[in-house]
Amino acid sequence: MPSTNQTHEVLEALSLALPLRLPRLRQLYGDPTQQVVAFVASLPETERASRERPPAPYMAALCVLGELRTFGAIGCLLSCLEWRCEDVHRIVIRSVMTAGPSMIEPVIALWPVLGTYARSLAAEAMGEQGLRDGHVLGLLAEWSKDDPLLAALAIGNYGDPAGVPLLSKGLVASLARGDQRTTAEVLGAMEALGVNTNSIPL
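Anyway, here's the lowdown on the structure attached to this text.

The rules behind each value
- Residues numbered from 1 in each chain as written.
- Predicted model: local features only at pLDDT ≥ 70, side-chain atom pairs only at ≥ 80, totals over all residues.
- Heavy atoms only, no water.
- Phe/Tyr/Trp six-rings, centres within 6.5 Å; stacked < 30°, edge-to-face > 60°.
- Helix = DSSP H or I, 4+ residues; strand = E, 2+ residues; numbered from the N terminus.
- Buried < 20%, exposed > 50% of the residue type's maximum accessible area, 1.4 Å probe, protein only.
- Lys NZ or Arg CZ within 6 Å of the ring centre and 35° of its normal.
- Core = buried A, V, L, I, M, F, W, Y, C linked by side-chain atoms within 4.5 Å.
- Contact = heavy atoms within 4.5 Å.
- Salt bridge = Lys/Arg side-chain N within 4 Å of Asp/Glu carboxyl O.

Now for the packing of aromatic side chains. Inspection of the entire model under this criterion finds two aromatic pairs. With 4.3 Å between their ring centres and 10° between their planes, Phe 39 and Tyr 58 make a pair best called stacked. Here Tyr 58 lies in helix α5 (residues 56-68) and Phe 39 lies in helix α3 (residues 33-41), a separation of 19 residues in the sequence. There is no split in this pair, since Phe 39 and Tyr 58 are both buried. Between Trp 111 and Trp 143, the ring centres sit 5.8 Å apart and the planes meet at 80°, which makes this aromatic pair edge-to-face. Residue Trp 111 is located in the loop between α8 (104-110) and α9 (116-128), and its partner Trp 143 is located in helix α10 (residues 134-146); the two are separated by 32 residues in the primary sequence. Taking the relative accessible area as the measure of exposure, Trp 111 reaches 4% and is therefore buried. Above the ring of Trp 143, the side-chain terminus of Arg 119 is found at 5.5 Å from the ring centroid.

Time to look at unusual backbone geometry. Even without being glycine, Arg 69 reaches a positive phi, approximately 55°. Tracing the backbone through its elements, the reader meets Arg 69 in the loop between α5 and α6 (71-79).

It is worth spelling out the environment of Glu 86 at this point. The residue Glu 86 is located in helix α7 (residues 86-96) in this model. Sequence separation between Glu 86 and Glu 52 is 34 residues; the distance between their C-alpha atoms is 8.6 Å.

Before going further, it helps to examine the nonpolar core. With 61 residues, the main nonpolar core has Val 40, Leu 62, Leu 65, Met 103, Met 126 and Leu 140 as its most contacted residues. In terms of residues, this core owes the most to one element, α5, which gives nine residues. Excluding its chain neighbours within four sequence positions, the residues that come into contact with Met 103 are Ile 74, Val 96, Ala 122, Ala 125, Met 126, Gln 129 and Leu 131.

Before going further, it helps to examine the pattern of salt bridges. Taken as a whole and judged by the stated rule, the model has five salt bridges. Here Asp 87 makes a salt bridge to Arg 53, at a shortest N to O gap of 3.2 Å. In this pair, Asp 87 is assigned in helix α7 and Arg 53 in the loop between α4 (45-48) and α5, connecting sequence segments 34 residues apart. Since its relative accessible area comes to 52%, Arg 53 is described here as exposed. Counted as one network, the salt bridges with shared partners bring together Arg 53, Asp 87 and Arg 90.

Here it is in structure tokens:
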């Protein structure tokens, strides 16, 4: 198996010729997911916590992961939202927003370890692509117990009308708590799913 240094050299060479990167990596590795994920993980913690753009080979690696759309690739991309660099976030968001059905399985499997930003992006990305899955809706329901405000936003962005009963429960709970901010977000999410909230007695 090629070493991390060899992967670095390949990605460094390909980072200036992006259309060539994936065919060349497949020629070298077959499915290069494991090598590229390991390479991304090798970026020092200090650089991941920096707002500076990572070196070109790492940016090329993220673009490769976006093209691979495998289980490990999508999981790695979502984890990179914890990096502080906005350029990294843009690549991840663009990749996830076009990933298609291949993102459902990793999102379900990795949900417990995904951060708030990754969960929100995953829900929005699946909503934008019209992806529907009962397991995902169940995960959003569980999340709403711990974070009713952000989960309400995510359910609205997910866009599945089957989420309306969840929002209705959240609305009752937020009204009982006197939580005006969450109430407003729940109502907004319900409107996004086609509910006429003017008819709801508050």
